[in-house]
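What follows is each chain in one-letter form.
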Amino acid sequence: MSTNLAAWNRLLDAFERSLDAPDDPADGPVEEPPGPPPPEVVERARLVLERQRASISGLMAARENVARELAAIRRIPSVAPDAPVYLDVEG
């Protein structure tokens with residue numbers, strides 16, 4: 001196995017681990033492979049890229065949902081400390 005192929009396999013392994021377990025800490029810095037991906041890993045790299053894009057899309061959707069929820073919370077009027085605290089969420 002060439003050095004370039006081994007480096008690309010290590011990089012793709014690291015990317016796949018982070019996609020499979022996004023809450024686990026990374027193993028540390030990943031070395032950049034020297035040069036373009038060899039033909040043996042091009043399809044695997046495309047699949048990893050598709051998974052990364054899907055993950056980013058999901059994160060963006062979650063971020064938008066959180067932003068909407070925060071905006072709704074900010075619209076709730078504040079009350080004086082001695083006032084009754086009721087929130088009609090269906091009205």
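As a reminder, the structure under discussion sits directly above these lines.
Here we summarise the structure given alongside this text. (Residues numbered from 1 in each chain as written. Predicted model: local features only at pLDDT ≥ 70, side-chain atom pairs only at ≥ 80, totals over all residues. Heavy atoms only, no water.)

Here the focus is the overall build of the protein. In terms of helices and strands, the protein carries 2 helices and 0 strands. Whereas a compact globule of 91 residues would reach a radius of gyration of roughly 12 Å, the protein reaches 23 Å, over 25% beyond that. Judged by the C-alpha coordinates and their principal axes, the protein covers about 75 × 25 × 20 Å. The buried share of the protein, taken over its 91 residues, is 16%. Long-range pairs, those at least 24 residues apart, make up 79% of the contacts in the protein between residues at least 6 apart in sequence. Approximately 7600 Å² of the protein is accessible, and the part contributed by carbon and sulfur atoms is 58%. Charge-centre separation for the protein: the mean point of 10 positive side chains lies 5 Å from the mean point of 16 negative side chains. (Helix = DSSP H or I, 4+ residues; strand = E, 2+ residues; numbered from the N terminus. Rg over C-alpha atoms; globule rule 2.2 N^0.38 Å. Buried < 20%, exposed > 50% of the residue type's maximum accessible area, 1.4 Å probe, protein only. Contact = heavy atoms within 4.5 Å. Areas by Shrake-Rupley, 256 points an atom, 1.4 Å probe, with all protein chains shown as cover. Lys, Arg positive; Asp, Glu negative; His and termini not counted. Charge placed at Lys NZ, Arg CZ, Asp CG, Glu CD.)

What follows deals with the environment of Gly28. With respect to the helices and strands, Gly28 occurs in the loop between α1 (3-20) and α2 (42-74). We classify Gly28 as partly exposed; its relative accessible area is 33%.

Looking now at the packing of α1 against α2. Contact geometry for α1 and α2: axes closest at 10 Å, N-to-C directions at 30°. Taken together, the axis directions place α1 and α2 in an arrangement best described as roughly parallel. Relative to α2, α1 is oriented so that their crossing is left-handed. Listed contacts from α2 to Asn9, Leu12, Asp13, Phe15, Glu16, Leu19 and Asp20 of α1 are Arg44, Ala45, Val48, Arg51, Gln52 and Ser55. Here the contact of α1 with α2 is composed, by residue class, of 5 nonpolar, 3 polar and 5 charged. (Axes fitted to C-alpha atoms, helices over the stretch in contact; angles between N-to-C directions. Parallel < 35°, antiparallel > 145°, perpendicular 65-115°, else oblique. Left-handed = near helix turned anticlockwise from the far one by under 90°. Nonpolar A, V, L, I, M, F, W, Y, C, P; charged D, E, K, R; others polar.)

As far as function goes, none of this settles anything; it's purely spatial.
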